[in-house]
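Residue-level structural notes
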Amino acid sequence: MTDLVLIPGAFRGAWSWDLVRRELVDVPSVAVDLPSGDVSMVDWIEVVAAVAGESSILVGHSMGGVVAQAAAASIGVRSIALVDAPVLASGQCALDASGPAPPTLPDRATQIPATPVGEHNGFSDPDLVAWVNSRLAPTPFGPTLDPIVVDPGVAVHAAFCSRTPDHFPAVATRRRFDAAGMRYSLIDCHHDAPLLAPRAVEDFLRGVVAQSRI
């Protein structure tokens, strides 16, 4: 059976996949924590490579999707699943997915503080809000500046969230998919699908696993 390696988005850790993993109890999976501090994309790739093999499916949410794309080329993985994440080309960095860069940027060692979740971004359950906000952590700016290598032979399975605000990088990617007639799954929720719609994410990932076995 194919293992799923679950990579969190910015400000989140392995815990952000807990609700999805409860639904996927019959599918072997591991969720990773990406280190903070003065780190690079290479450091994040090494974390994924330590637990993934060529038969693994790398699953990335948001910024974790950029890590999945970069790690796939390094590890030799043949399939990745992206949840509301930008899709990059070789030579691009995560910052490129956010549109034109501002004239001045923070130092790469800067730790970007997390923004608490709430009703403004789809979280209506106060218990879930408290649980998430108690775990959010700053994320390092450095890896967003690092160009990645993308293997064009890797199968990319994408799911986007219907209520993600327009300024999120994943929305620009979804528009590119639409313009090119590319297929994707649509999840009816705000950006944090692994936390807000874990069963929908489960369905998407089961489909990816099934396709990988054909």
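Structure's up top.
As a starting point, this report considers the structure included with it. Just so it is clear, the model here is predicted, and its values are computed rather than measured.

Looking at the element boundaries, Thr139 is found in strand 6 (residues 139-140). Overall, Thr139 belongs to the buried group, its relative accessible area being 11%. If we ignore the near neighbours within four places in the chain, the residues touching Thr139 are Ala10, Phe11, Trp44, Thr110, Gln111 and Ile112.

What follows concerns the nonpolar core. The biggest cluster of nonpolar side chains holds 32 residues, and the ones touching the most others in it are Ile7, Met41, Val48, Leu58, Val66, Ile75 and Ile80. Contributions of two or more residues to this core are made by strand 1 (4-7), helix 2 (41-49), helix 3 (63-75), strand 4 (79-83), strand 7 (155-161) and helix 5 (169-180). The element contributing the most residues to this core is helix 3, with eight residues. Dropping the residues within four chain positions of it, Ile75 is found in contact with Val48, Ala49, Ala52, Gly53, Glu54 and Leu58. In terms of nonpolar packing, the next biggest core, distinct from the first, is built from 23 residues, Trp17, Leu24, Ala159 and Val209 among them.

Conventions and cut-offs
Residues numbered from 1 in each chain as written. Predicted model: local features only at pLDDT ≥ 70, side-chain atom pairs only at ≥ 80, totals over all residues. Heavy atoms only, no water. Helix = DSSP H or I, 4+ residues; strand = E, 2+ residues; numbered from the N terminus. Buried < 20%, exposed > 50% of the residue type's maximum accessible area, 1.4 Å probe, protein only. Contact = heavy atoms within 4.5 Å. Core = buried A, V, L, I, M, F, W, Y, C linked by side-chain atoms within 4.5 Å.

Bear in mind that shape data such as this cannot, by itself, settle questions of function.
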